[in-house]
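# Breakdown of the fold
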Amino acid sequence: MNQSVRVRTHWRNLPAEETTDQYLERRCDHLMAEFPEAESFEISLNVEGKEVECHAHVDGKRTRLAAHASGAQSSRQAAENVLDKLEREMRRDHDKRIFANRRKAQKSQTKRLE
C-alpha cells in the first residue's frame with residue numbers, strides 16, 4: 001500500500017474481518033492509482049438489523065465525496081457495493097473537472113469564417 005494513501009476502517013457492532021480489510025486496502029490502492037487527487041479513505045461498517053451497512057468517504061485535493069450502501073448480507077458485499085458507488089462518484093467528479101476546462105475553451109474559440 002502507498003504511504004500517501006490512508007485507509008481507516010471502523011467496525012461498529014460487527015467483528016473485524018482481516019479478509020475484508022485486505023480487500024478494502026486493495027480497492028483503495030486501485031482507486032488511488034486511477035484518481036491521484038484522492039488522499040485518504042474512511043470506511044465504516046455496521047450492522048442494522050440483519051443487514052450490513054457501509055459508509056465511505058474520500059478526501060483529497062479538491063475532492064470530498066461520500067457513498068452509502070445498505071442491505072448487504074456480509075461485510076465484504078457491503079464493502080464492494082459502497083466502493084463501486086464511490087468509484088462512480090469519483091469518476092464523475094474527475095471527468096467533470098477535466099472536461100469543464102475543455103468546454104470553456106471550445107466556447108471561447110472564435111470560429112473561422114470562410
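Before reading further, recall that the structure is shown in the block above.
Residues numbered from 1 in each chain as written. Predicted model: local features only at pLDDT ≥ 70, side-chain atom pairs only at ≥ 80, totals over all residues. Heavy atoms only, no water.

This part covers unusual backbone geometry. A negative phi holds for most residues other than glycine; trans holds for most peptide bonds. We note that N13 has phi near 55°; this positive angle belongs to a residue other than glycine. Note on N13: relative accessible area 68%, which makes it exposed. Although it is not a glycine, R62 sits at a positive phi angle of roughly 55°. (Buried < 20%, exposed > 50% of the residue type's maximum accessible area, 1.4 Å probe, protein only.)

In the structure shown here, the tally under the stated rule is zero aromatic pairs. Here the basic side chain of R76 rests over the ring of Y23, its NZ or CZ set 4.0 Å away from the ring centre. (Phe/Tyr/Trp six-rings, centres within 6.5 Å; stacked < 30°, edge-to-face > 60°. Lys NZ or Arg CZ within 6 Å of the ring centre and 35° of its normal.)

On to helix α1 (residues 18-34). An ideal rise of 1.5 Å per residue puts 24 Å on 17 residues; α1 measures up with 25 Å between its terminal C-alpha atoms. Residues of α1 that are buried: T20, D21, Y23, L24, R27, C28, L31 and M32. (Helix = DSSP H or I, 4+ residues; strand = E, 2+ residues; numbered from the N terminus. Expected span 1.5 Å × (residues − 1).)

When the charged atoms of two side chains with opposite charge come close together, those side chains can pair. Following the criterion strictly, the structure yields ten salt bridges and no others. Between E34 and R91 there is a salt bridge; the shortest N-O distance is 2.7 Å. Of this pair, E34 sits in helix α1 while R91 sits in helix α2 (residues 75-108); the two residues are 57 residues apart in sequence, bridging distant segments of the chain. The exposure class assigned to E34 is partly exposed, which follows from its relative accessible area of 29%. (Salt bridge = Lys/Arg side-chain N within 4 Å of Asp/Glu carboxyl O.)

We now examine the sheet that holds strand β3 (residues 51-60). Strands sit in the order β1-β2-β3-β4 across an open sheet of four strands; the sheet is mixed. One side of each edge strand has no neighbouring strand; the edge strands of this open sheet are β1 (6-12) and β4 (63-72). Geometrically, the sheet is characterised by an average inter-axis angle of 10° between neighbouring strands, direction not taken into account. With respect to the sheet, α1 is in contact with β1 and β2 (38-48), its orientation differing from that of β2 by roughly 145°. (Pairing = 2+ DSSP bridges. Axes fitted to C-alpha atoms, helices over the stretch in contact; angles between N-to-C directions. Contact = heavy atoms within 4.5 Å.)

Just distances and angles here, no functional claims.
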